[in-house]
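# Notes for the structure review
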Amino acid sequence: MQLVIVTGMSGAGRTIVLRRLEDLGYFCVDNLPPALLPPFAALCQSKGEVERAAVVMDLRAGPFYAGLPEAVEQVREAGPPPFVLFLDASDDALVRRFKETRRKHPLFSRRKGILESIQAERELLREIRALADK
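Residues numbered from 1 in each chain as written. Predicted model: local features only at pLDDT ≥ 70, side-chain atom pairs only at ≥ 80, totals over all residues. Heavy atoms only, no water.

So, about the pairing of strand β2 (residues 27-30). Pairing analysis gives four bridges linking β2 to strand β3 (residues 52-56), with the strands arranged parallel. Among the inter-strand pairings, D30 is bridged to a residue of β3, identified as V56. The β-α-β motif built from β2, the intervening helix α2 (residues 37-47) and the parallel element β3 has right-handed crossover chirality. (Pairing = 2+ DSSP bridges. Helix = DSSP H or I, 4+ residues; strand = E, 2+ residues; numbered from the N terminus. Right-handed = clockwise from strand over helix to strand, strands pointing away.)

Moving on: the environment of P69. Within the secondary structure, P69 sits in helix α3 (residues 68-78). Separated by 20 residues in the primary sequence, P69 and E49 have C-alpha atoms spaced 27 Å apart.

This part takes up the packing of helix α4 (residues 91-100) against helix α5 (residues 114-124). Two numbers describe how α4 lies on α5: the axes approach to 10 Å, and their chain directions differ by 125 degrees. One finds that α4 runs oblique with respect to α5. Classified by chirality, the crossing of α5 by α4 is right-handed. Contacts between α4 and α5 involve D91, L94, V95, F98 and K99 from the former and I114, L115, I118, Q119 and R122 from the latter. (Axes fitted to C-alpha atoms, helices over the stretch in contact; angles between N-to-C directions. Parallel < 35°, antiparallel > 145°, perpendicular 65-115°, else oblique. Left-handed = near helix turned anticlockwise from the far one by under 90°. Contact = heavy atoms within 4.5 Å.)

Put into structure tokens, the structure is as follows:
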């Protein structure tokens, strides 16, 4: 079974990638909490009916997101290893995208602007970015 984990910066195109993977025949799940990644991978493997799966995991998981690196390592140890795709874009592009939409950045607050929220997200995602295959 092939498992793709799509993660990365808010506004970098995770949803678009997930839609394309679904078009390619992947079984797709959006916003899976990291703690559910190992059981999800095991379920897909045990049934034998799912050849390709993709999940999007990001800061929308709130306090659960911090467990993503550990969950990825657990799945890698159980095998076969997942492919981790980290999506990114320049700060300018991300600021522009958030200004064009009505959606707020997951870390946005009135005290911090969009750029500061993006920079804080980059810091939070540093560890998972280092684990990414691409």
